[in-house]
Structure formats: C-alpha cells, structure tokens
Amino acid sequence: KNQVEQSPQSLIILEGKNCTLQCNYTVSPFSNLRWYKQDTGRGPVSLTIMTFSENTKSNGRYTATLDADTKQSSLHITASQLSDSASYICVVSHTNAGKSTFGDGTTLTVKP
Amino acid sequence: DAGITQSPRHKVTETGTPVTLRCHQTENHRYMYWYRQDPGHGLRLIHYSYGVKDTDKGEVSDGYSVSRSKTEDFLLTLESATSSQTSVYFCAIGVGEGSPLHFGNGTRLTVT
C-alpha cells in the first residue's frame, strides 16, 4: 500500500530557531513530492514541489530536500517566525495524474 | 488567493438528507478535486475531474457523487448524508502533474 509518514507529529520551537520536518514514503511509481503549509481554518498552500530528478528546492526560508533512493524528504525552516505556526503536509503523487497520497502532517508551533 | 471558492462554508444537516457542496474556480485549470479532512487522517481524495464531464473515483468515494458540467464548477453530492460524513471538505484545482496547486478554504459539514 502506498504510504506517506511524517515525523514528528508535533513540534514546538522558539521564534528565530531552525527546524526540520521529515517525510518518508513508499509510493511507487513516483511522480513528484510537494510540501504544503496549512494554517488553522484554511486550505493547504503549496510551498515546494520536486520531481524525481531534483534533490533540493527553496522557497524563501523553506528548503525541501528529496532523496529518491531512500524515499525520504525533509522540510527545513530557517529563522522561524510566529507565522510559521501551522500544519505542514507532505504529499507524494503517483504517475497517475489524479492520485496523490497525503501524510497526516506535522503541527508546528512557534513560541515567542 | 487563487480564484477558488467553496460554498457553503458551513452546513449542518440531518442524517438521510441530500447535500450538495459547490466549488467554483476562475483559474481555468483542467483538474479539480474533492478531499475530506478528518482528525487522525491525512487529506483523502473523494473524487476528481480531469475535464468537463470527465470524473474518476478516489479512495473514499462511497456515498458521494460528483458532476462537472462546466470547467469552472465541480459539485460534490452526498446522496443521503450519514454521521460518518461529518468532516471538512476541501476542493482543489491543478494542472495535472499529480498534486493540486491550490485549495479552497473548506466547507465544514456536520451531519446530526
């Protein structure tokens, strides 16, 4: 069964600190991997997307990495801000255009 | 925000009644998706559409039907609502590379 597992489930950090969120997947065949940020009460917003051949992608203070051999991805947040408090969701897409598998998300809380 | 609107934003209905949720986009994207989000589960695909009148089932399609008569509108119908369908429903749009580009802000449905 295609699965996406994220860790940790939740994380609390102080404002200004860095953090790294993990995503392991078993989806095969693999098309791309996307990280989303979901604020409370809102829909997810795409942060990065990576294909099989890419191993890093940045969007401001967010940097995603991908190791397609080990089927692992990480999302690194630099110099965290209070507005980074949200759920971060890893999504792996199959080669079938309509199908994606979503992780359960990591809830990040940034405290002043 | 991307041009995607869900209506209604909140709805309370009784078991056994039919319910229709609407998703409207102004981006002219080919792909439209319906997901549900529940505690303890990642976003799960209900149905998706890859063009007008072209739809396919997702992983949790039982009890739901969809219709897409125009590019901009994607309707989700609960034929006879049950309490297990209490959830937050998200519509999303995309260009077909596997995962949605943009999500709506969700419809919170409560079935009593």
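Residues numbered from 1 in each chain as written. Chains lettered and ligands numbered in written order. Predicted model: local features only at pLDDT ≥ 70, side-chain atom pairs only at ≥ 80, totals over all residues. Heavy atoms only, no water.

**Details of the nonpolar core**
Most often, soluble globular proteins have nonpolar side chains that are buried together.
And step 1. Judged by nonpolar contacts, the single largest core of 24 residues is most densely connected at Tyr25, Leu33, Trp35, Leu75, Tyr88 and Val92 of chain A.
And step 2. Put simply, the parts of the chain that give this core at least two residues each are strand E3 (19–25), strand E4 (30–38), strand E5 (45–51), strand E7 (62–67), strand E8 (72–77), strand E9 (86–94) and strand E11 (106–111) of chain A.
And step 3. The residues contacting Leu75 of chain A, other than those within four sequence positions of it, are Cys19, Thr20, Leu21, Trp35, Leu47, Tyr62, Thr63, Ala64 and Tyr88 of chain A.
And step 4. By size, the runner-up hydrophobic cluster in this structure holds 19 residues, among which are Leu21, Cys23, Val60 and Leu78 of chain B. (Core = buried A, V, L, I, M, F, W, Y, C linked by side-chain atoms within 4.5 Å. Buried < 20%, exposed > 50% of the residue type's maximum accessible area, 1.4 Å probe, protein only. Helix = DSSP H or I, 4+ residues; strand = E, 2+ residues; numbered from the N terminus. Contact = heavy atoms within 4.5 Å.)

**A few points about the pairing of E4 of chain A**
All names here are of chain A.
And step 1. In terms of burial, E4 is largely enclosed, as 8 of its 9 residues are buried.
And step 2. Sheet analysis places E4 next to E9, joined by 8 bridges and oriented antiparallel. Residue pairing across strands places Lys37 opposite Tyr88, the latter belonging to E9.
And step 3. Summarising the sheet, E4 and E5 pair through 6 bridges and their orientation is antiparallel. Bridge assignment links Arg34 to a residue of E5, and that residue is Ile49.
And step 4. Here E4 folds back onto E5, and the loop between the two strands holds 6 residues, one of which, Gly41, carries a positive phi near 80°. (Pairing = 2+ DSSP bridges.)

**Overview of the layout of surface pockets**
And step 1. If you add up the space inside the largest pocket, you get close to 660 Å³.
And step 2. Lining the largest pocket are 28 residues, and of these Gln38 and Ser87 of chain A together with Gln37, Asp38 and Pro39 of chain B sit closest to its centre.
And step 3. In terms of residue class, the lining of the largest pocket is built from 6 nonpolar, 16 polar and 6 charged. (1 Å grid on protein atoms, 1.4 Å probe; cavity = no way out; pocket = protein on both sides within 12 Å on 5 of 7 lines; lining within 4 Å. Points joined across faces, edges and corners; volume = space filled by probe spheres on them. Nonpolar A, V, L, I, M, F, W, Y, C, P; charged D, E, K, R; others polar.)

**Observations regarding the state of the cysteines**
Residues and elements named next belong to chain A.
And step 1. Applying the stated rule across the entire model yields 2 disulfides over all chains.
And step 2. Covalent S-S linkage joins Cys23 and Cys90, the inter-sulfur distance amounting to 2.0 Å. The disulfide joining Cys23 to Cys90 has a torsion of about -65° about its S-S bond and is therefore left-handed. Pair noted here: Cys23 is in strand E3 and Cys90 is in strand E9, with a separation of 67 residues, a long-range link. Summarising the burial analysis for this pair, Cys23 and Cys90 share the class buried.
And step 3. Looking at the unpaired Cys19, the closest cysteine sulfur is the one in Cys90, lying at 15 Å.
And step 4. Relative accessible area serves as the criterion here: at 6%, Cys19 is assigned to the buried category. (Disulfide = S-S within 2.5 Å.)

**Topic: the interface of chain A and chain B**
And step 1. Contacts between the two partners involve 22 residues from chain A and, on the opposite side, 24 residues from chain B.
And step 2. Across the chain A to chain B interface the summed buried area is about 1600 Å²; carbon plus sulfur atoms make up 44%.
And step 3. Seen at the junction of chain A and chain B, the total is 0 salt bridges.
And step 4. Inspection of the chain A/chain B interface yields 4 residue pairs in polar contact (both at pLDDT 80 or more).
And step 5. For the side of chain A that touches chain B, the element with the most residues is E4 of chain A, which contributes 5 residues.
And step 6. Residue composition of the side of chain A that touches chain B, by class: 7 nonpolar, 11 polar and 4 charged. (Buried area = accessible area lost by both parts, 1.4 Å probe. Salt bridge = Lys/Arg side-chain N within 4 Å of Asp/Glu carboxyl O. Polar contact = N/O pair within 3.5 Å; in protein donor to acceptor, adjacent residues only side chain to side chain.)

**Comments concerning the pattern of salt bridges**
All names here are of chain B.
And step 1. In the structure shown here, the tally under the stated rule is 7 salt bridges over all chains.
And step 2. For Asp38, the salt bridge identified is with Arg44, shortest N-O distance 2.9 Å.
And step 3. Judged by relative accessible area, Asp38 falls into the buried class, the value being 10%.
And step 4. A salt bridge links Asp73 to Lys70; the nearest nitrogen and oxygen atoms lie 3.3 Å apart.
And step 5. Residue classification places Asp73 among the buried positions, given a relative accessible area of 7%.
And step 6. What you see here is one network of salt bridges that share partners, running through Arg22, Lys70 and Asp73.

**Section: the confidence of the model for chain A**
And step 1. Confidence in the prediction of chain A, expressed as mean pLDDT, is 93, and 96% of residues score 70 or more.
And step 2. When the elements of chain A are averaged for pLDDT, strand E10 (residues 100–102) of chain A gives the smallest value, 88, and E8 of chain A the largest, 98. (pLDDT = per-residue confidence, 0-100.)

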